[in-house]
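# Close look at the chain arrangement
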6 protein chains.
Amino acid sequence: MVPTTTKFEFAGVLRHLEGPDLKLTQSHLSRGPASIESEFDEMFAGPEVVAEAIRAENAGADAIVIVCMGDPALHPAREAVTIPVLGIGETAMHYAAMLGHKFSILCTLDRRVANYETKARIFGLESKLASVRPVNIPVLDIGGDHSTALDRLVDAAAAAIVEDGADVIVLGCGCFQDMDRIMEGQLRERGLAVPVIDSPPLTILSAAALARTRLTHSKHGYPTPPAKERSGYEIPTLKERG
Amino acid sequence: MVPTTTKFEFAGVLRHLEGPDLKLTQSHLSRGPASIESEFDEMFAGPEVVAEAIRAENAGADAIVIVCMGDPALHPAREAVTIPVLGIGETAMHYAAMLGHKFSILCTLDRRVANYETKARIFGLESKLASVRPVNIPVLDIGGDHSTALDRLVDAAAAAIVEDGADVIVLGCGCFQDMDRIMEGQLRERGLAVPVIDSPPLTILSAAALARTRLTHSKHGYPTPPAKERSGYEIPTLKERG
Amino acid sequence: MVPTTTKFEFAGVLRHLEGPDLKLTQSHLSRGPASIESEFDEMFAGPEVVAEAIRAENAGADAIVIVCMGDPALHPAREAVTIPVLGIGETAMHYAAMLGHKFSILCTLDRRVANYETKARIFGLESKLASVRPVNIPVLDIGGDHSTALDRLVDAAAAAIVEDGADVIVLGCGCFQDMDRIMEGQLRERGLAVPVIDSPPLTILSAAALARTRLTHSKHGYPTPPAKERSGYEIPTLKERG
Amino acid sequence: MVPTTTKFEFAGVLRHLEGPDLKLTQSHLSRGPASIESEFDEMFAGPEVVAEAIRAENAGADAIVIVCMGDPALHPAREAVTIPVLGIGETAMHYAAMLGHKFSILCTLDRRVANYETKARIFGLESKLASVRPVNIPVLDIGGDHSTALDRLVDAAAAAIVEDGADVIVLGCGCFQDMDRIMEGQLRERGLAVPVIDSPPLTILSAAALARTRLTHSKHGYPTPPAKERSGYEIPTLKERG
Amino acid sequence: MVPTTTKFEFAGVLRHLEGPDLKLTQSHLSRGPASIESEFDEMFAGPEVVAEAIRAENAGADAIVIVCMGDPALHPAREAVTIPVLGIGETAMHYAAMLGHKFSILCTLDRRVANYETKARIFGLESKLASVRPVNIPVLDIGGDHSTALDRLVDAAAAAIVEDGADVIVLGCGCFQDMDRIMEGQLRERGLAVPVIDSPPLTILSAAALARTRLTHSKHGYPTPPAKERSGYEIPTLKERG
Amino acid sequence: MVPTTTKFEFAGVLRHLEGPDLKLTQSHLSRGPASIESEFDEMFAGPEVVAEAIRAENAGADAIVIVCMGDPALHPAREAVTIPVLGIGETAMHYAAMLGHKFSILCTLDRRVANYETKARIFGLESKLASVRPVNIPVLDIGGDHSTALDRLVDAAAAAIVEDGADVIVLGCGCFQDMDRIMEGQLRERGLAVPVIDSPPLTILSAAALARTRLTHSKHGYPTPPAKERSGYEIPTLKERG
């Protein structure tokens with residue numbers, strides 16, 4: 001699920017991941033922000049992310065991926081459903097922690113830095129986070145011609161490695177897709193052999209791994225919210241699973 | 001502001017705090033949850049908390065207090081307005097950290113424990129948190145007769161002090177009002193001389209202190225969200241202040 | 001209370017905070033250091049700070065503020081008395097933690113840096129501390145003409161924000177008074193909208209808030225020292241409160 | 001790869017994970033300990049784990065999984081090869097951190113507790129670790145009849161949840177296979193709805209995900225050891241990959 | 001140096017440590033508390049500890065040990081002199097961290113628990129501290145007949161090992177001397193093979209090791225306090241060393 | 001014990017430490033790496049370090065020092081023997097933590113940085129570590145003419161102090177011997193009065209202090225490995241001590 005009203009395309013690009021055991025569908029928000037660049041945006045995306053998660057489980061989905069590095073409404077969605085829900089931000093950070101000693105996140109805007117630092121603390125990974133570096137490109141400006149974004153990303157990655165001690169790079173926006181291997185090549189030319197993580201495909205395969213091994217998030221830790229009046233919102237009801 | 005559609009009464013109870021320099025007004029949510037007992041509820045409270053914060057600043061308020069220990073939408077509200085916004089959860093934890101070596105929070109339900117532990121981490125206070133202990137009373141059941149709640153709170157507080165090493169107790173729901181001094185007395189009879197913090201009055205006075213000294217939250221840290229399409233919500237516009 | 005033998009003037013400057021509910025008195029040390037710039041100085045200030053605290057409670061004070069960022073004898077004073085004792089260092093750091101994501105302290109001398117870092121750890125706030133930056137002005141040289149101090153403070157604040165990631169600035173000496181709003185203005189001109197905390201007035205209002213809500217530090221956590229021989233010091237006796 | 005000379009069987013049991021994109025092979029150590037129950041054992045397993053990893057890469061493997069919760073020689077193996085190397089201990093802990101707020105590890109022997117706590121610190125996950133609880137069964141005694149082990153594991157899991165605050169359980173030995181879903185059922189009957197992670201299948205699918213997305217560990221962080229004399233060991237040479 | 005006016009005897013008991021390279025002298029305070037059981041006591045011991053340290057360096061001492069687990073005035077003394085100054089509390093905790101995975105401190109009174117926890121944080125060792133357990137014996141009551149103290153210490157040590165996960169025990173008062181090996185024997189009979197650290201002899205040998213290798217504390221980190229008026233105290237002047 | 005096959009000379013250089021209570025012997029590895037510059041090397045040193053430790057205890061040694069900053073096989077060796085085993089890396093870091101507020105390690109190669117950071121975490125000292133700075137000299141190239149190494153070490157130390165906030169310097173290789181006091185002098189000329197720790201002599205004296213006070217590592221924490229088949233290695237058997 002893409003938690004914006006803008007119809008960023010992921011499933012199409014990632015169709016190659018599909019196989020006998022993995023089918024992808026993608027949805028967007030019918031209400032909420034056009035892009036997510038603040039805690040304000042995350043919050044306004046939340047109600048519809050949750051509703052969409054419930055609809056997905058009711059429609060028979062085996063797992064849900066929220067395709068935004070801010071992981072909007074990740075915990076409320078886990079409270080709402082019983083199938084695994086992964087956010088690409090949390091998943092990327094955990095893989096980054098496994099692939100090296102310290103990772104840096106390259107995010108879109110300066111205003112997101114503190115937010116990712118806080119999220120690393122929530123995930124318990126603050127000691128593995130070398131830095132968060134912005135490249136100063138608004139989400140909706142990433143597109144068509146990637147060359148400017150690419151240059152800034154490679155420079156920011158190199159600075160994160162040399163100055164901040166990172167040995168893994170995380171792309172801090174789901175929209176930087178297709179740049180990961182190109183960046184790895186350009187960094188290797190500078191003598192910096194580090195993995196660059198583009199989280200959406202990795203998170204999709206991890207969600208599939210959870211479904212395959214019949215694991216899901218802890219309902220003890222993310223218990224279903226008690227029924228009560230929540231006026232002003234039409235929240236779909238989760239169907240009993242057979 | 002009370003971030004629920006249930007009209008819990010605080011301003012009336014706290015009228016005695018008013019004076020030449022402090023006037024209180026109270027608002028509730030026109031849409032959102034009846035009470036806040038999950039991250040799901042916090043999220044559904046969020047959009048209206050933010051809208052209400054903008055309305056308050058536009059109406060000339062000098063500071064805003066969100067009267068819920070979960071501090072719903074605290075950061076988005078700070079992004080949205082320029083006057084100080086305090087949550088009673090964050091404020092209580094910081095005062096608790098100042099009044100002793102370690103504090104415990106007595107919360108309503110078992111399901112809130114992890115949430116308060118995470119919030120302590122976000123506030124940077126995890127090393128000062130001795131424990132979070134639930135008393136297993138839903139918010140909407142606190143009321144009329146407080147004697148059962150009081151007994152459970154005193155027992156939980158004593159356990160937090162003796163077993164978990166707390167020397168300060170934080171009441172984990174804004175609705176436990178008026179029990180703080182009674183609890184202190186009963187704990188003192190057990191040989192446990194600890195402060196019990198009921199956060200709403202303390203947070204109101206702290207917000208007044210910020211307004212009085214002309215301090216507010218960092219707009220560098222909580223920058224105003226850029227204008228963009230956020231469909232499905234009518235978000236009031238912040239007026240320019242003269 | 002100002003924990004030096006030098007008669008820095010605070011109560012006069014802060015007279016405007018007084019009102020029907022708040023009266024200020026100020027005392028200095030009859031023995032101890034002329035200014036506090038080392039752990040050595042903090043220690044030599046200690047015995048008289050504690051004696052003065054006991055005298056203040058005996059004289060009917062409702063709360064005590066130690067007006068030195070080093071918070072000398074804060075814990076011994078809490079052990080000695082039952083009315084709330086706040087230090088301007090601890091209080092400033094907690095408010096700074098609430099007003100942004102990370103704060104920096106601008107201190108007088110290079111030799112104080114490690115001391116503030118250690119204090120942030122004791123308060124449990126090390127993860128919120130971006131940096132401590134000295135401006136290299138001895139306390140007793142701050143005075144009359146503030147322009148040099150102001151320039152250095154603004155430059156250090158800007159560096160803390162841009163290089164260290166701070167979004168809140170704490171003035172690291174009680175003597176930098178009246179510079180907070182001027183600094184905010186100069187920083188805003190550089191595009192850096194951050195609060196600058198001058199702790200004395202904020203701490204006084206917080207102490208008043210504690211007194212108003214009848215809260216004090218934990219006597220379980222700061223128990224009264226047992227009577228015993230302590231030769232060479234005349235320590236006043238705390239009177240029973242009616 | 002199973003890092004023991006005992007031929008524990010994993011690939012056979014996990015054959016069902018295979019598909020068009022995933023083929024499993026399994027190897028054991030020709031020299032080293034019969035089982036791993038100390039840092040002493042981990043160390044004696046190390047040289048052959050590394051040699052075996054180099055042989056696997058030379059034989060065309062796309063990824064390597066070390067099937068022992070102690071992750072013996074994980075870092076040296078990463079230094080030695082360029083294909084991804086995952087340990088089931090590290091991978092289980094990261095997934096556990098994603099599926100709940102805090103996890104507990106159920107390990108074989110009391111003597112392993114400190115070791116897993118240290119490993120959690122190395123992985124940066126100490127704040128997510130609720131506890132490590134031993135069930136006091138030597139590895140080589142797990143086998144045939146699982147009923148005793150199962151009872152102890154369920155009791156230890158329940159204690160970890162209720163007393164230590166865990167909401168995710170990690171099986172602390174690769175040999176506890178096939179017990180995960182049974183344990184989940186028995187815990188659910190006690191009102192404890194938590195995921196139980198048996199790491200080998202999950203780690204295999206994660207290693208496949210890395211291979212599929214062409215990610216590997218950081219060679220900047222795990223650089224190839226410089227050639228030098230290392231007498232007494234015959235270490236295979238890594239072939240250049242085309 | 002023993003930082004109390006009570007003349008506890010250490011040098012006599014530890015005379016066996018002397019040799020060609022090590023001579024011991026012992027001093028007590030001429031003014032200050034009879035024993036140290038609060039931060040209040042630590043503070044009143046401070047001025048004379050510092051004066052005594054300066055006198056010791058002037059008299060040609062090669063190193064100073066402050067024989068009190070509270071390490072009163074450790075940092076001010078380091079600021080004042082140039083020869084190494086060790087406290088038995090800090091030294092014991094660092095050796096304890098080296099001899100096992102986690103240590104517990106057995107202290108005299110309940111009121112000292114928070115103080116040792118805070119000191120562990122200052123030393124950077126909080127993650128190695130399993131617990132602080134009081135045995136509830138005032139310092140001045142330790143003496144003549146040690147059997148009650150011994151029983152309580154062994155019971156507290158056993159609880160620290162079994163319940164808190166300690167594998168090293170630190171005696172939390174310099175007066176528990178001669179009990180360390182007896183306790184080790186009694187704990188071994190309970191199946192608990194842990195070292196029990198009585199800090200004074202170990203700290204004396206460590207101070208001698210520093211003197212022998214011509215190391216001392218960092219004067220960059222503990223700079224000499226600038227000359228200034230410090231009224232009411234006669235502080236000896238440090239002589240220039242040739 | 002020097003954990004390499006290269007016969008670095010320490011005992012000869014340190015002969016001056018000997019006395020009536022201290023005799024030194026030195027051994028090297030008969031199999032293993034020529035020098036230790038990776039976790040790969042540490043692992044290949046391990047089996048013989050452990051065997052050599054057992055031989056030393058059987059030969060009547062009172063304590064063992066592993067003379068390599070990487071502390072290879074430190075924990076397995078402690079599991080294997082009952083006499084104290086110290087590593088110069090761990091010991092240096094603990095003394096460094098005692099002699100100042102923050103320390104930096106000057107290591108040989110860039111590739112060792114992450115390893116020392118991880119070790120500081122394992123020792124619980126991460127908050128005391130200012131930085132690890134490489135001087136880019138392979139171990140086997142340190143020798144004969146020390147002037148290049150000395151210049152780089154002094155520059156790196158100065159940078160660590162001024163830029164990273166260190167006030168203690170740890171030499172990150174046992175082979176930088178005899179440079180400590182020269183470095184201190186050159187740093188003092190730059191106005192930087194910090195101790196420079198060359199760990200081997202200090203660790204030897206600390207091991208002697210443990211032996212003298214009859215302390216050793218916790219066998220509860222480092223239990224003797226259970227007997228089992230460990231094929232391919234001839235591990236000596238520890239004799240019973242009378």
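Every chain begins its residue count from 1, and numbering advances along the sequence as written. Chain labels run from A onward and ligand labels from 1 onward, assigned in the order the entries are written. Totals for whole chains, interfaces and linings use every residue, but because this is a predicted model, local features are given only for residues with pLDDT of at least 70 and side-chain atom pairs only at 80 or more, for both listing and counting. Values reported for side chains reflect all heavy atoms of the structure, with hydrogen atoms and water molecules removed beforehand.

Looking at an unreviewed UniProt entry, chain A carries the name Asp/Glu racemase, with the source organism given as Sphingomonas montanisoli. Its UniProt record gives chain A a comment under Sequence similarities (unreviewed entry), which states: "Belongs to the HyuE racemase family." UniProt positions are given in the numbering used here, feature names are shortened, and annotations may be inferred rather than shown by experiment.

## Side note on the domain arrangement of chain A
How big an interface is tends to be expressed through the accessible area that disappears when the partners come together. Residue and element names in this part refer to chain A. Segmenting chain A into domains produces domain 1 (15-87 + 201-212) and domain 2 (89-199). In this description, buried area is defined as the sum, over both parts, of the accessible area (probe of 1.4 Å) that is lost when the two are combined. Contact between domain 1 and domain 2 buries roughly 1,700 Å² in total, counting both sides, with carbon and sulfur atoms accounting for 53%. Broken down residue by residue, the surface that domain 1 buries against domain 2 is led by Glu-37, Met-69 and Leu-202, which jointly contribute 43%. Should a side-chain nitrogen of Lys or Arg be within 4 Å of a carboxyl oxygen of Asp or Glu, the pair is scored as a salt bridge. A salt bridge links Arg-78 to Glu-90; the shortest N-O distance between them is 2.9 Å. Under this definition, polar contacts are N or O atom pairs within 3.5 Å; protein pairs additionally need one hydrogen-donor-capable and one acceptor-capable atom, and for neighbouring residues in sequence, both atoms have to be side-chain atoms. Applying the counting rule to domain 1 against domain 2 returns twelve residue pairs in polar contact (both at pLDDT 80 or more). Listing elements by their share of the side of domain 1 that touches domain 2, those giving two or more residues are helix H1 (39-58), helix H2 (74-80), strand S3 (85-87) and helix H7 (199-212). Per-element accounting of the side of domain 1 that touches domain 2 gives the leading share, four residues, to H7. Only Asp, Glu, Lys and Arg are considered charged in this grouping, and only Ala, Val, Leu, Ile, Met, Phe, Trp, Tyr, Cys and Pro are considered nonpolar; every other residue, Gly among them, is considered polar. Taken together, the residues of the side of domain 1 that touches domain 2 break down into eight nonpolar, six polar and five charged. Segmentation of the chain into domains, including their bounds, is taken from an automatic or database domain assignment. In this description a helix means any DSSP run of H or I spanning at least four residues, a strand means any run of E spanning at least two, and both kinds are numbered starting from the N terminus.

## Side note on the interface of chain D and chain A
Here, residues are in contact when the closest pair of their heavy atoms is within 4.5 Å. The interface of chain D with chain A comprises 51 residues on the first partner and 51 residues on the second. With both chains or domains summed, chain D and chain A bury close to 3,900 Å², and 62% of this area falls on carbon and sulfur atoms. The tally of links between chain D and chain A comes to zero salt bridges. Where chain D touches chain A, the interface holds 22 residue pairs in polar contact (both at pLDDT 80 or more). Of all elements in the fold, only helix H2 (74-80), helix H3 (88-99), helix H6 (180-189), strand S7 (196-197) and helix H7 (199-212) of chain D reach the threshold of two or more residues within the side of chain D that touches chain A. Here the residues of the side of chain D that touches chain A sort into 26 nonpolar, 15 polar and ten charged.

## Quick look at the packing of aromatic side chains
Geometry of aromatic contacts follows a simple scheme: Phe, Tyr and Trp rings, the Trp one being its six-membered ring, pair when their centres are within 6.5 Å, and the pair is stacked under 30 degrees between planes, edge-to-face over 60, tilted otherwise. Inspection of every chain in the model, using the stated rule, returns twelve aromatic pairs over all chains. With centroids separated by 4.9 Å and ring planes inclined at 70°, the aromatic side chains of Tyr-233 of chain D and Phe-44 of chain F adopt a geometry described as edge-to-face. Of the two residues, Tyr-233 of chain D is situated in the segment after strand S8 (230-231) and Phe-44 of chain F in helix H1 (residues 39-58); the pairing between them involves two chains. Relative accessible area decides the class of each residue, using a 1.4 Å probe on protein chains only: under 20% of the type maximum gives buried, over 50% gives exposed, and in between gives partly exposed. Among the residues examined, Tyr-233 of chain D registers a relative accessible area of 11% and is labelled buried.

## Quick look at helix H3 (residues 88-99) of chain A
All names here are of chain A. Multiplying 1.5 Å by the helix residue count minus one yields the expected span of that helix. The end-to-end C-alpha distance of H3, which contains twelve residues, comes to 16 Å, matching closely the 16 Å that a straight helix rising 1.5 Å per residue would cover. Along H3, twelve of the twelve residues are buried, which leaves the element largely enclosed by surrounding structure. Those residues of H3 that sit buried are Ile-88, Gly-89, Glu-90, Thr-91, Ala-92, Met-93, His-94, Tyr-95, Ala-96, Ala-97, Met-98 and Leu-99.

## What about the packing of H1 of chain A against helix H1 (residues 39-58) of chain B?
Angles run from 0 to 180 degrees between N-to-C directions of axes, and those axes are lines fitted to C-alpha atoms, restricted for helices to the stretch in contact. Where H1 of chain A meets H1 of chain B, the closest approach of the two axes is 9 Å, and the angle between their N-to-C directions is 130°. By the criterion of interaxial angle, the relationship of H1 of chain A to H1 of chain B is oblique. For the pair H1 of chain A and H1 of chain B, the sense of crossing is left-handed. The residues of H1 of chain B that touch H1 of chain A, namely those facing Phe-40, Met-43, Phe-44, Gly-46, Pro-47 and Val-50 of chain A, are Phe-40, Met-43, Phe-44, Gly-46, Pro-47 and Val-50 of chain B. Considering only residue class, the contact of H1 of chain A with H1 of chain B consists of ten nonpolar, two polar and no charged. An angle below 35 degrees is read as roughly parallel, one above 145 as roughly antiparallel, one from 65 to 115 as roughly perpendicular, and any other as oblique. By convention, the crossing between two helices is left-handed when the near helix turns anticlockwise from the far helix through less than a right angle, and right-handed when the turn is clockwise.

## Digging into the confidence of the model for chain A
pLDDT gives the predictor's per-residue confidence on a scale running from 0 to 100. Predicted confidence across chain A gives a mean pLDDT of 90, with 92% of residues reaching 70 or more. Prediction confidence for the complex, expressed as pTM and ipTM, is 0.95 and 0.94 respectively.

## Observations concerning the relation of the copies chain D and chain A
Alignment of copies: least-squares fit on C-alpha atoms of residues with pLDDT of at least 70 in both copies. Superposition record for chain D on chain A: RMSD 0.0 Å, screw rotation 180°, translation along axis 0.0 Å. Within this description, the copies of the chain are treated as partners about a two-fold rotation axis. When you check the interface residues of chain D against chain A, 100% turn up at the interface there too, and the contact is symmetric in its surfaces.

## Concerning unusual backbone geometry
Even without a glycine there, the phi angle at Arg-214 of chain D is positive, about 55°. With respect to the helices and strands, the residue Arg-214 of chain D is situated in the loop between H7 and S8. Residue Arg-214 of chain D is classed as exposed on the basis of its relative accessible area of 61%. Not every positive phi belongs to a glycine, and Asn-136 of chain E is a case in point at roughly 60°. By the secondary structure assignment, Asn-136 of chain E is in the loop between strand S5 (129-134) and helix H5 (147-164). Given a relative accessible area of 45%, Asn-136 of chain E falls into the partly exposed group.

## With respect to the pattern of salt bridges
Summed over all chains, the structure comprises 107 salt bridges over all chains. Between Glu-163 of chain B and Arg-133 of chain B there is a salt bridge whose closest N-O contact spans 3.2 Å. Taken together, the residues Glu-163 of chain B in helix H5 (residues 147-164) and Arg-133 of chain B in strand S5 (residues 129-134) connect sequence positions 30 residues apart. Judged by relative accessible area, which is 22%, Arg-133 of chain B ranks as partly exposed. Across the salt bridge formed by Arg-111 of chain F and Glu-79 of chain D, the nearest N and O atoms sit 3.8 Å from each other. Here Arg-111 of chain F, found in the loop between strand S4 (103-107) and helix H4 (113-122), pairs with Glu-79 of chain D, found in helix H2, and the two come from separate chains.

## Overview of the arrangement of the chains
Taking C-alpha atoms only, the smallest gap left between chain C and chain D, which are not in contact, amounts to 14 Å. At no point do chain B and chain F touch; the closest pair of C-alpha atoms across them sits 14 Å apart.

## Considerations on the packing of helix H3 (residues 88-99) of chain C against helix H7 (residues 199-212) of chain C
Residues and elements named next belong to chain C. Interaxial distance between H3 and H7 falls to 9 Å at its minimum, and their mutual angle equals 90°. As the angle between them shows, H3 and H7 are arranged roughly perpendicular. Listed contacts from H7 to Ile-88, Thr-91, Ala-92 and Tyr-95 of H3 are Ser-199, Pro-200, Leu-202, Thr-203 and Ser-206.

## Things to note about the environment of Pro-72 of chain B
Residues and elements named next belong to chain B. When you line up the elements, Pro-72 lands in the loop between strand S2 (64-66) and helix H2 (74-80). Given the relative accessible area of 1%, Pro-72 is considered buried. Here the alpha-carbon distance between Pro-72 and Ala-156, two residues 84 residues apart in the chain, equals 25 Å. Apart from the residues within four sequence positions on either side, Pro-72 is in contact with Pro-3, Ile-36, Glu-42, Ala-45, Val-49 and Ile-66.

## Here we look at the pairing of strand S4 (residues 103-107) of chain B
All names here are of chain B. Of all the five residues making up S4, five are buried; the element is thus mostly covered by neighbouring parts of the structure. Burial along S4 is two-sided: the residues Phe-103, Ile-105 and Cys-107 and Ser-104 and Leu-106 are all buried. For two strands to pair, DSSP has to find at least two bridges joining them. In the sheet, S4 pairs with S5 via five bridges, with the strands oriented parallel. Across the sheet, the residue bridging to Leu-106 is Arg-133, located in S5. Note on the crossover from S4 through helix H4 (residues 113-122) to S5: the handedness is right-handed. Note: S4 against strand S6 (residues 168-171), four bridges, orientation parallel. What sits directly across from Ile-105, in S6, is Val-170. Think of it like this: strands point away, you trace from the first strand over the helix to the second, and a clockwise trace means the crossover is right-handed.

## Some thoughts on the sheet that holds S6 of chain B
Read from one edge to the other, the open sheet built from four strands follows the order S5-S4-S6-S7 (chain B), with strand pairing classed as parallel. Each having just a single partner strand, S5 and strand S7 (196-197) of chain B make up the two edges of the open sheet.

## Quick notes on the side chain of Asp-41 of chain B
Summarising the element assignment, Asp-41 of chain B is placed in helix H1. The contact partners of Asp-41 of chain B, leaving out residues within four places of it in the chain, are Lys-228 and Arg-230 of chain A together with Pro-33, Ser-35 and Ile-36 of chain B.

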